[in-house]
Amino acid sequence: MKKITITENDENGRLDKLLMRTLSEAAKSFIYKMLRKKNITLDGKKASGSEILKKGSEVSIFLSDETFDKFSKVKAVSEVAGELDVLYEDENIVVINKEAGILSQPDSSSAGDSVVERLVKYLRDKGEYDASDVSSFAPVVCNRLDRNTSGIMICAKNLASAREIAAGLKERSIEKYYITVVAGEINGSGVIKAYYIKDSENNEAFTYDKPVPGSKEIITEYESVKSTDKYSILKIKLVTGKSHQIRAVLAKMGNPILGDGKYGDYDLNGMLIRRFKLKYQLLHAESVIFGNFETKLSYLSGKRFECPLRDEFAVIIRAVGL
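For the structure given in this document, a descriptive report is provided here.

Thresholds, definitions, all that
- Residues numbered from 1 in each chain as written.
- Predicted model: local features only at pLDDT ≥ 70, side-chain atom pairs only at ≥ 80, totals over all residues.
- Heavy atoms only, no water.
- Helix = DSSP H or I, 4+ residues; strand = E, 2+ residues; numbered from the N terminus.
- Contact = heavy atoms within 4.5 Å.
- Areas by Shrake-Rupley, 256 points an atom, 1.4 Å probe, with all protein chains shown as cover.
- Lys, Arg positive; Asp, Glu negative; His and termini not counted.
- Charge placed at Lys NZ, Arg CZ, Asp CG, Glu CD.
- Salt bridge = Lys/Arg side-chain N within 4 Å of Asp/Glu carboxyl O.
- Buried < 20%, exposed > 50% of the residue type's maximum accessible area, 1.4 Å probe, protein only.
- Patch = residues over 30% accessible without salt bridge, like charges linked within 9 Å, V, L, I, M, F, W, Y side chains within 5 Å.
- Pairing = 2+ DSSP bridges.
- Phe/Tyr/Trp six-rings, centres within 6.5 Å; stacked < 30°, edge-to-face > 60°.
- Lys NZ or Arg CZ within 6 Å of the ring centre and 35° of its normal.

As a further point, take the overall build of the protein chain. Looking only at helices and strands, the protein chain features 8 helices and 15 strands. Overall size of the protein chain, expressed as C-alpha extent along the three principal axes, is 70 × 40 × 40 Å. Pairs at least 24 residues apart make up 66% of the contacts formed inside the protein chain by residues separated by at least 6 positions. As presented, the protein chain carries roughly 16,100 Å² of accessible surface, and 47% of it is formed by carbon and sulfur atoms. Positive and negative charge centroids in the protein chain, built from 50 and 46 side chains respectively, lie 4 Å apart.

Right under this line is the structure:
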């Protein structure tokens, strides 16, 4: 029999979600069967799985050690993950500067080095995360950036913070701003409304002027910071936050981001590679602003976090006369 005492890290989450983390190799049907048979209880009472956990509550799992070990899996910590560039940190969140060229989430191509893996290793080394505790909530990144986009990312250390940030992003009470350099002259400011479809198999986004079957409306605001007849620096505000949104929208306008290998200008990118050895698109998540938070993260209300531009931006901006 195993007992799990609920800590602040996991409070306010559902019981079944905690059990799915704890018995990650078990089918959902097995977990609900164990609940029905009272082989899993909450504070000594039968539970359905939908209960909201409170700090100090106790979950009892009446399984043999052999069965528990079969269905649980110790979380791996990548020892080859790189260093985390921390901009701000407190007991609930970490705000970091993601370098271009690194994935936000691990996959088969990340080779053990992604933002998530760096975050987990960083907090493990600080003693704030125990990977051997199979029931505990693992720290997460809350806003993803494309592999070749640099800049600010918000990470959560506990479940309550992760949920509050996710709600803020969904409800648009967390504002996200980007800086980019594009081909062509753009002056003034504007709002771009388009309709978006993502081809997940080929990892490519398509935008349309009118709704098409399966599309979702996306909104992108822009403001010209400086421009010449050939290039422009833009400040972008993401109102909606779809994968590749900025890159696809600007390319559709005829103003592709410099260095964008998927949506950009092939010849222009070739010149930039030869002249500046540019490896990544000139798109940078510059800042985030927290709106009004009323619960755990209320102390962050109105806070603005900024992330410095990477060096190659300044080099190319000067070279092209911006």
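Tallying each qualifying case throughout the model produces 18 salt bridges. A salt bridge links Glu 89 to Lys 157; the shortest N-O distance between them is 2.9 Å. Note that Glu 89 is positioned in strand S5 (residues 86-89) and Lys 157 in the loop between strand S8 (150-156) and helix H5 (159-170), a separation of 68 residues in sequence. With a shortest N-O distance of 2.8 Å, Lys 157 and Glu 128 are connected by a salt bridge. Of this pair, Lys 157 sits in the loop between S8 and H5 while Glu 128 sits in the loop between helix H4 (115-125) and strand S7 (140-141), and the two are 29 residues apart along the sequence. A residue is classified by how much of its surface remains accessible, and Lys 157, at 11% relative accessible area, is buried.

Quick look at a positive patch on the surface now. Taken together, the side chains of Lys 33, Arg 36, Lys 37, Lys 38 and Lys 46 define a basic patch exposed on the protein surface. Assignment of secondary structure puts Lys 38 in the loop between helix H2 (28-36) and strand S2 (40-42).

Glancing now at the pairing of strand S11 (residues 204-208). Across the two faces of S11 the burial differs, with Ala 205 and Thr 207 buried and Glu 204, Phe 206 and Tyr 208 not buried at all. Direction of pairing for strand S10 (residues 189-199) relative to S11: antiparallel, over a ladder of 5 bridges. Directly across from Asp 199, in S11, lies its bridge partner Glu 204. From the end of S10 to the start of S11, which pair antiparallel, there are 4 residues, and Asn 203 there has a positive phi angle of about 50 degrees.

The buried fraction of helix H1 (residues 15-22) is high, at 6 of 8 residues. Turning to H1, its buried residues are Leu 15, Asp 16, Leu 18, Leu 19, Met 20 and Thr 22. As for H1, its buried residues are in contact with strand S1 (2-5), H2, S2, strand S4 (58-61) and helix H3 (65-71).

Most of strand S9 (residues 174-183) is tucked away, with 9 of its 10 residues classed as buried. Note that S9 and strand S13 (residues 231-238) share 8 bridges and pair antiparallel. The residue of S13 that forms the bridge with Tyr 177 is Lys 237.

Take the packing of aromatic side chains next. One pass over the structure, following the stated rule, counts 4 aromatic pairs. When the ring centre of Tyr 177 is taken as origin, the NZ or CZ atom of Lys 235, which lies over that ring, is 5.2 Å away.

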